[in-house]
Amino acid sequence: DAGVIQSPRHEVTEMGQEVTLRCKPISGHDYLFWYRQTMMRGLELLIYFNNNVPIDDSGMPEDRFSAKMPNASFSTLKIQPSEPRDSAVYFCASSVAGSAYEQYFGPGTRLTVT
Amino acid sequence: GQNIDQPTEMTATEGAIVQINCTYQTSGFNGLFWYQQHAGEAPTFLSYNVLDGLEEKGRFSSFLSRSKGYSYLLLKELQMKDSASYLCAVKGDGGATNKLIFGTGTLLAVQP
C-alpha cells in the first residue's frame, strides 16, 4: 500500500496568499484527520471526516481555514488568506473505524508563510 | 477539559532502559496510544492500551492504569536510532471514539 499521500511536501508563500494542501488517504479507510504541528503547541487536531462527512471541526483556528472531502480518496485543507502564524507542519492521517485502530500519518506539508 | 502531560525532554544511554510517563485527564476514554516521531518525519504507531496492565512488543512495552489516568512507555536495550519524540495520545472525547488528543511529546536523546 502507498500509505497516506500529501502534497506539496513544502510550501513557501507570502502573507495574504491562498494555500491549498492535499491529501489522499489509504484506500478503504473511513476516517481522515487533519493536524497541525508546531514546536509551541505540539500536534493539534484541526478537523476530521468520517465517510467524507466532517464530524468535528472545533480545532479549526478561524474562518480563514476550510477543509473539504469531495470523495473517499481526496481531501483538501485551504487557508485564505494565509498569515505568518500559520507556518507549521500540516499532517493528514487516516484510519479504519473502531477505537482500537491506529491512525496512519502522511509525510506532512511544511508550510512557511513570509 | 482535556489535558495530557509528558516530560518535555529525557536523556538516556545506549543499552539502558528508559521509562517515559504520561498522565491524562480527558472527558472520555477509548484507549491510549504511543507514537514515535523522528525529526522531520511523520508520527508512527508504537502501541495501544485500552485495559489496565502491560502490553509488550519487542523492546517496547506500554503500561496503563485507567483509575490513575497514567501510562508509561518502557524502552529496553536502547539504540541510537531510538532518539526521537514520543507522543502519548488518548482516544475518545465524549463519544467521538476516533478522535485522538495528543500530548506535546517527550524528546528522547540516546547517548553513546
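Here the structure is a predicted model, which means the values were calculated and not measured.

Caption draft 1: Examining the overall build of chain B more closely. Scanning chain B from N- to C-terminus turns up zero helices and 11 strands. Counting helices and strands in the order they occur from the N terminus, chain B gives β-β-β-β-β-β-β-β-β-β-β. Relative to the globule expectation of 13 Å for 112 residues, the C-alpha radius of gyration of chain B, 14 Å, shows essentially globular dimensions. Projected onto its principal axes, the C-alpha positions of chain B cover 45 × 30 × 20 Å. Counting only residues that meet the buried cut, chain B has 50% of its 112 residues in that class. On chain B, roughly 5,200 Å² of surface is accessible, and the fraction owed to carbon and sulfur atoms is 49%. Looking at chain B, you have 8 positive and 10 negative side-chain charges, and the mean spots of the two groups are 6 Å apart.

Caption draft 2: Geometry of the interface of chain B and chain A. Facing the 18 residues of chain B at the interface are 23 residues of chain A. In total, chain B and chain A occlude about 1,500 Å² of area from one another, counting both sides; carbon and sulfur atoms represent 55% of this. Together, N98, K99 and F102 of chain B form the three largest contributors to the area buried by chain B at its contact with chain A, with a combined 35%. Counting the contacts that link chain B with chain A gives one salt bridge. Residue K99 of chain B is joined to D56 of chain A by a salt bridge in which the shortest nitrogen-to-oxygen separation is 2.7 Å. Our enumeration of links across chain B and chain A arrives at four residue pairs in polar contact (both at pLDDT 80 or more). Within the residue set of the side of chain B that touches chain A, elements represented by two or more residues are β4 (32-37), β5 (44-49), β9 (84-91) and β10 (100-102) of chain B. Partitioning the side of chain B that touches chain A into residue classes produces 10 nonpolar, five polar and three charged.

Caption draft 3: Spatial organisation of the environment of Q80 of chain A. Residue and element names in this part refer to chain A. One can find Q80 in the loop between β8 (74-79) and β9 (88-95). Sequence separation between Q80 and D57 is 23 residues; the distance between their C-alpha atoms is 17 Å. Residue contacts for Q80: discarding those within four places in its chain leaves G16, Q17, E18 and R64. In this structure the side chain of Q80 is engaged in a polar contact, spanning 3.2 Å, whose partner is the backbone nitrogen of E18.

Caption draft 4: Local environment of the pattern of salt bridges. Taken as a whole and assessed by the stated rule, the structure comprises 12 salt bridges over all chains. Residue R36 of chain A pairs with E44 of chain A through a salt bridge whose shortest N-O separation is 3.5 Å. Residue classification places R36 of chain A among the buried residues on the basis of a relative accessible area of 11%. In this structure E44 of chain A comes out as buried when scored by relative accessible area, which is 17%. A salt bridge links R59 of chain B to D82 of chain B; the nearest nitrogen and oxygen atoms lie 2.8 Å apart.

Caption draft 5: Fine view of the state of the cysteines. Residue and element names in this part refer to chain A. Going through the model one piece at a time under the given rule, you end up with two disulfides over all chains. Paired through a disulfide, C23 and C92 show a sulfur-sulfur distance of 1.9 Å. Here the S-S torsion is close to -65 degrees, and the disulfide linking C23 with C92 is therefore left-handed. Here C23 is found in strand β3 (residues 19-24), whereas its partner C92 is found in strand β9, with 69 residues between them in sequence. Like C23, the residue C92 is buried in the burial classification.

Caption draft 6: The arrangement of unusual backbone geometry in detail. At the junction of S7 of chain A and P8 of chain A, the peptide bond is cis and its omega measures out at -10 degrees in the coordinates. In this chain, Q80 of chain A is followed by P81 of chain A through a cis amide linkage whose omega measures -5 degrees. Mapped onto the elements, P81 of chain A comes out in the loop between β8 and β9. With a phi angle near 50 degrees, N51 of chain A is a residue other than glycine that sits in the positive phi range. Position of N51 of chain A relative to the elements: it lies in the loop between β5 (42-50) and β6 (53-56). Of note in the backbone geometry, E77 of chain B takes a positive phi value of approximately 45 degrees without being a glycine. Examined against the element boundaries, E77 of chain B turns out to sit in the loop between β8 (70-75) and β9. When its relative accessible area of 52% is taken as the criterion, E77 of chain B is described as exposed.

What counts and how
Residues numbered from 1 in each chain as written. Chains lettered and ligands numbered in written order. Predicted model: local features only at pLDDT ≥ 70, side-chain atom pairs only at ≥ 80, totals over all residues. Heavy atoms only, no water. Helix = DSSP H or I, 4+ residues; strand = E, 2+ residues; numbered from the N terminus. Rg over C-alpha atoms; globule rule 2.2 N^0.38 Å. Buried < 20%, exposed > 50% of the residue type's maximum accessible area, 1.4 Å probe, protein only. Areas by Shrake-Rupley, 256 points an atom, 1.4 Å probe, with all protein chains shown as cover. Lys, Arg positive; Asp, Glu negative; His and termini not counted. Charge placed at Lys NZ, Arg CZ, Asp CG, Glu CD. Contact = heavy atoms within 4.5 Å. Buried area = accessible area lost by both parts, 1.4 Å probe. Salt bridge = Lys/Arg side-chain N within 4 Å of Asp/Glu carboxyl O. Polar contact = N/O pair within 3.5 Å; in protein donor to acceptor, adjacent residues only side chain to side chain. Nonpolar A, V, L, I, M, F, W, Y, C, P; charged D, E, K, R; others polar. Disulfide = S-S within 2.5 Å.

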